[in-house]
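Understanding the architecture of this molecule
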Amino acid sequence: DKDEKAFFKFYAAFYPKSFKKDEMICEVGSISKHLYFIESGKTKHFRYKNDGSEHVVWFNFEGEIVVSQESYVLQQPSKYGIIALEDTEISMVSRDSCIENAAEFHAVETFFRVAYEFHTILLNERVFMLQTLSAKERYQYMFENFPHFFQRLSQKEISTFLGISRETLSRMRK
């Protein structure tokens, strides 16, 4: 079966890599040449603001794909960084291998299309949340839609993600 062949060939292109807590997976300014699948651990996807402070874009956990998408697609220096927030095991695959497999197998191309569709949906939700909801509404939205964030992330990480102070987050949690 062609889909089974596609799966095995694509899967064979992945290789494991371990990252220690606070180790950079993708440096700001580097060109992203790999796609990462998190086997265990968690990562933070961030960008620096003009004032040098950090803006958290997203957190990723086991079973999720993480990549500096703009850099990966355009092959330009990344504006974003990805860091391991705890010891993290990743399966990674080169961009070239992804392109080759997608060109050879429709099933792999479909996988990438669907992955990008879901990424776009999440991105649109994040933009909506930040642009239209109050701090309390953002907290409630995250609590209802991403409860695992509250189990796996520190108060500092959650407050930074929501764009509020830790003190405000503490008041909301009561």
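The structure displayed is predicted, hence computed values, not measured ones. (Residues numbered from 1 in each chain as written. Predicted model: local features only at pLDDT ≥ 70, side-chain atom pairs only at ≥ 80, totals over all residues. Heavy atoms only, no water.)

What about the packing of aromatic side chains?
Applying the stated criterion to the full structure yields 19 aromatic pairs. Put simply, the rings of Trp 58, Phe 59, Phe 61, Tyr 141, Phe 146, Phe 149 and Phe 161 pair up and form one aromatic cluster. Lying over the aromatic face of Tyr 80, Arg 47 brings its terminal NZ or CZ to 5.3 Å of the ring centre. Geometry around Phe 161 places Arg 126 over its ring, the cationic atom sitting 3.8 Å from the centre. (Phe/Tyr/Trp six-rings, centres within 6.5 Å; stacked < 30°, edge-to-face > 60°. Lys NZ or Arg CZ within 6 Å of the ring centre and 35° of its normal.)

Observations regarding the sheet that holds strand β6 (residues 65–66)
The strand order across the open sheet built from four strands is β1-β8-β3-β6, with neighbouring strands paired in antiparallel fashion. Of all the strands in the sheet, the pair left with one neighbour each is β1 (15–19) and β6. As judged from the six bridges shared by strand β3 (residues 34–40) and strand β8 (residues 88–94), these two strands associate in the antiparallel manner. By the bridge assignment for β8, Phe 37 is matched with Ser 91. Helix α3 (residues 95–104) contacts β3 and β8 of the sheet and is inclined by roughly 55° relative to β8. (Pairing = 2+ DSSP bridges. Helix = DSSP H or I, 4+ residues; strand = E, 2+ residues; numbered from the N terminus. Contact = heavy atoms within 4.5 Å. Axes fitted to C-alpha atoms, helices over the stretch in contact; angles between N-to-C directions.)

Side note on the layout of surface pockets
There is about 850 Å³ of room inside the largest pocket. Together, 31 residues line the largest pocket, and Asn 60, Ile 65, Gln 69, His 119 and Leu 122 are the ones closest to its centre. Those elements that place two or more of their residues in the lining of the largest pocket are β4 (42–48), β5 (54–61), β6, α2 (69–74), α4 (106–132) and α6 (147–152). In terms of residues, the lining of the largest pocket owes the most to one element, α4, which gives twelve residues. Of the residues that constitute the lining of the largest pocket, the class distribution is 20 nonpolar, seven polar and four charged. Counted as a void, the second largest pocket has a volume near 350 Å³. Only α1 (2–12), β3 and α4 provide two or more residues apiece to the lining of the second largest pocket. Taken together, the residues that form the lining of the second largest pocket break down as twelve nonpolar, one polar and two charged. (1 Å grid on protein atoms, 1.4 Å probe; cavity = no way out; pocket = protein on both sides within 12 Å on 5 of 7 lines; lining within 4 Å. Points joined across faces, edges and corners; volume = space filled by probe spheres on them. Nonpolar A, V, L, I, M, F, W, Y, C, P; charged D, E, K, R; others polar.)

Considering a nonpolar patch on the surface
Judged by side-chain polarity, Phe 7, Phe 8 and Tyr 11 come together as a nonpolar surface patch covering roughly 380 Å² of accessible area. Within the secondary structure, Tyr 11 is located in helix α1. Of the residues examined, Tyr 11 reaches a relative accessible area of 56% and is grouped as exposed. (Patch = residues over 30% accessible without salt bridge, like charges linked within 9 Å, V, L, I, M, F, W, Y side chains within 5 Å. Areas by Shrake-Rupley, 256 points an atom, 1.4 Å probe, with all protein chains shown as cover. Salt bridge = Lys/Arg side-chain N within 4 Å of Asp/Glu carboxyl O. Buried < 20%, exposed > 50% of the residue type's maximum accessible area, 1.4 Å probe, protein only.)

Quick notes on the side chain of Ser 159
You can see Ser 159 is positioned in helix α7 (residues 155–162). Judged by relative accessible area, which is 3%, Ser 159 ranks as buried. Residues in contact with Ser 159, not counting those within four places in the same chain, are Ile 164, Ser 165, Arg 166 and Leu 169.

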